[in-house]
Structures are given as structure tokens and as C-alpha cells.
Amino acid sequence: DGGITQSPKYLFRKEGQNVTLSCEQNLNHDAMYWYRQDPGQGLRLIYYSQIVNDFQKGDIAEGYSVSREKKESFPLTVTSAQKNPTAFYLCASTSGGRKYFGPGTRLTVT
Amino acid sequence: GQQLNQSPQSMFIQEGEDVSMNCTSSSIFNTWLWYKQDPGEGPVLLIALYKAGELTSNGRLTAQFGITRKDSFLNISASIPSDVGIYFCAGQTAGGTSYGKLTFGQGTILTVHP
């Protein structure tokens, strides 16, 4: 069963802690992306990676970091430097001009 | 930067009615995508458009890529309760550093009353 998986679905952390969100895809897509969604808003691009071992900042990269050691994996770390980390995080990958999204991880930081 | 204006922001309709929403941009796009998002889930791709003037259907959904390449619309015919959700448009520019980067509209919240 192919697709994009994100885990966990819900994540709770204390302020000041780093947290890593998982994104895995078995679609053999080269490009992967992380978006953030806040209530009532559209999606904003955090980081993206076109190939393994390469990634670029999106529009709101401050306070986040990523790695792309394997084609199928693109984890996102939300660091303590992110001022407002509570949000819904979506991972995506691209094939043939079509972008497909994972189910999302809702992160709550208190 | 690029901006997408999606309208309307929300719609409340009766089951069986047709729905229309649109997106306009200050920039030219070479691809338009339409997504539906259910609460707490990731967006699901509904329709992809690649050429100016292209009209594409997916069941009761029809979307068009505007001739100017700066706009797109989505129509839903004979709405049913499961059409409820948030609909997003997204535009993508060609190659270079913008490769694969989508600009999203703010979303249209659709409510369908039985």
C-alpha cells in the first residue's frame, strides 16, 4: 500500500524541548516538503528537498531543521527557537507536477 | 511574493445545489491544483490543471485553468453532505528555485445542509 505516512498523529511537548516529526514515503518521489497549517489559514512552506542530501528553506524556516539522508525519509525537527510551534504539520511529496500530502501531525506545545 | 486570493471564504448551501469557487493570482502559474481537506487530515488532490484554458472534470467536480494563467475556478455540481470540508487552490510556477513550490489560497470552507 503506497503513500506518505506521518507519525505520530498527535504530539505533545513542553516548551523549550526539541521535537522531531517523522515523514516517510514509499512512492519513490524525489522531492519532499514540509508545510505548516494554522487554524483558518492556508499552508505555508517550511523546508523542501529535491534530492537526497540536499534541502532548501521555504518561507518560514526559522526555528526548524530538516535532514534528507534517505530518499524515502524527510524528518522535521521543531526546535526551541520556534516561537509559536503549536500547529498542524503536513509532509508532502511530488510526482509529475502533482503534490500529495500525508495525513499530518498535530503538535501542541505547552 | 506571490499571492493567491481565494473566494469565497465560506459557503453555506443546501444539498443538491451547485457550488463555485475561484482563485486569482498576481502572478502567472503553469500549474493549478485543487485540494479538499477534511478536519484533522491532510489535503487530498482533486484536480490538476496544466494548460491555460484547460477544463478538467472529476465526477461532479469541474475545474478550469484561466486563459490569463492567473486564475482558476472549481465547480461542484449537485452537492451532497460529504462534500463538506475546506477546498484549497494552489498554484505552481515553472522550474528553477521555485521547483515544486506551491502557493496556496486561504481556503473555502464549504458547509452543506441536508
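Chains are numbered independently. Their residues run from 1 in the order of the written sequence. Each chain gets a letter, beginning with A, and each ligand a number, beginning with 1, in the order they are written. Totals for whole chains, interfaces and linings use every residue, but because this is a predicted model, local features are given only for residues with pLDDT of at least 70 and side-chain atom pairs only at 80 or more, for both listing and counting. Hydrogens are left out, water is left out, and the side-chain values use all remaining heavy atoms of the structure.

Some details on the overall build of chain A
We count it as follows: Runs of E in the DSSP output that reach at least two residues are strands. Runs of H or I that reach at least four are helices, and both are numbered from the N terminus. What the globule rule says is 2.2 Å times the number of residues to the power 0.38, and the radius of gyration is computed from C-alpha atoms. Only protein chains enter the accessibility calculation, which uses a 1.4 Å probe; a residue whose area is less than 20% of its type maximum is buried, one above 50% is exposed, and one in between is partly exposed. Each accessible area is a Shrake-Rupley result for a 1.4 Å probe, and residues are judged covered by the shown protein chains and nothing else. Lys and Arg are tallied as positive, Asp and Glu as negative. Neither His nor the chain termini are counted. All charge positions are set by atom: Lys at NZ, Arg at CZ, Asp at CG, Glu at CD.
Each helix and strand in chain A was counted, giving zero helices and eleven strands. Along its sequence from the N terminus, chain A presents helices and strands in the succession β-β-β-β-β-β-β-β-β-β-β. Relative to the 2.2 N^0.38 estimate, which gives 13 Å for 110 residues, the radius of gyration of chain A is 13 Å and therefore close to what a compact globule would have. In terms of overall dimensions, chain A has C-alpha extents of about 40 × 25 × 20 Å along its principal axes. Per-residue burial for chain A yields a buried fraction of 47% across its 110 residues. Counting only carbon and sulfur atoms, one obtains 46% of the accessible surface of chain A, whose full area is about 5400 Å². When the 13 basic and 10 acidic side-chain charges of chain A are each reduced to a single mean position, those positions are 5 Å apart.

A word on the nonpolar core
Where we set the bar: Remark: nonpolar core denotes a set of buried residues (Ala, Val, Leu, Ile, Met, Phe, Trp, Tyr, Cys) joined through side-chain atoms within 4.5 Å.
Judged by nonpolar contacts, the single largest core of 21 residues is most densely connected at Trp 32, Trp 34, Leu 74 and Leu 110 of chain B. Looking at this core, the elements with two or more residues in it are β2 (10–14), β3 (19–25), β4 (31–37), β5 (44–49), β7 (61–65), β8 (71–76), β9 (85–92) and β11 (108–113) of chain B. The next biggest cluster of nonpolar side chains, apart from the first, holds 19 residues, and it includes Ile 4, Leu 11, Val 19 and Leu 76 of chain A.

A short note on the interface of chain A and chain B
Reports of interface size often rely on the accessible area that becomes lost once the parts have come together. Convention followed: Should any heavy atoms of two residues lie within 4.5 Å, those residues are counted as being in contact. Throughout, buried area stands for the accessible area (probe radius 1.4 Å) lost by two parts on being put together, summed over both. The salt bridge criterion pairs a side-chain nitrogen of Lys or Arg with a carboxyl oxygen of Asp or Glu, the two atoms within 4 Å. The term polar contact refers here to a pair of N or O atoms within 3.5 Å; inside protein, the definition further demands a hydrogen-donor-capable atom paired with an acceptor-capable atom, and it admits residues adjacent in sequence only when both atoms are side-chain atoms.
On the chain B side, the residues contacting the 24 residues of chain A number 22 residues. Interface area for chain A against chain B, summed over the two sides, is near 1700 Å², with a carbon-plus-sulfur share of 54%. On inspection of chain A and its partner chain B, the count reaches one salt bridge. In this structure, Glu 41 of chain B and Lys 9 of chain A form a salt bridge, with 3.7 Å as the shortest nitrogen-oxygen distance. One can count five residue pairs in polar contact (both at pLDDT 80 or more) joining chain A with chain B. Elements supplying a minimum of two residues to the side of chain A that touches chain B: β4 (31–37), β5 (43–51), β9 (87–95) and β10 (98–101) of chain A.

Some remarks on the sheet that holds strand β8 (residues 76–78) of chain A
All names here are of chain A. Our working rule: Here, a strand pair is defined by DSSP locating no fewer than two bridges between the strands. Every angle, taken between N-to-C directions, lies between 0 and 180 degrees, and every axis is a line fitted to C-alpha atoms, over only the stretch in contact when it is a helix.
With respect to topology, four strands assemble into an open sheet ordered β1-β3-β8-β7, the strand pairing being antiparallel. The sheet terminates laterally at β1 (4–7) and β7 (64–66), the two strands that pair on one side only. The average angle at which neighbouring strand axes cross in this sheet is 20 degrees, direction not considered. Of the strand pairs in this sheet, β1 and strand β3 (residues 19–25) are connected by four bridges, and their pairing is antiparallel. Residue Ile 4 lies in a different strand from β3, and its bridge partner there is Gln 25.

Considerations on unusual backbone geometry
Here Ser 7 of chain A and Pro 8 of chain A are connected by a cis peptide whose omega angle stands at -10 degrees. Examined against the element boundaries, Pro 8 of chain A turns out to sit in the loop between β1 and β2 (10–13). Following Ser 7 of chain B, the chain continues to Pro 8 of chain B via a peptide bond in cis, the omega torsion being -5 degrees. With respect to the secondary-structure elements, Pro 8 of chain B resides in the loop between β1 (4–7) and β2.

Brief notes about the sheet that holds β3 of chain B
Sheets are built from strands that pair by backbone hydrogen bonding, the pairs being arranged parallel or antiparallel. Residues and elements named next belong to chain B. Taken in spatial order, the five strands line up as β1-β3-β8-β7-β6 in an open sheet, and their pairing is antiparallel. The open sheet has two edge strands, β1 and β6 (55–58), and neither has a second partner. Adjacent strand axes in the sheet meet at a mean angle of 15 degrees when their direction is disregarded. As paired elements, β3 and β8 share six bridges and run antiparallel to each other. Paired with Cys 23 across the two strands is Ser 72, which belongs to β8.

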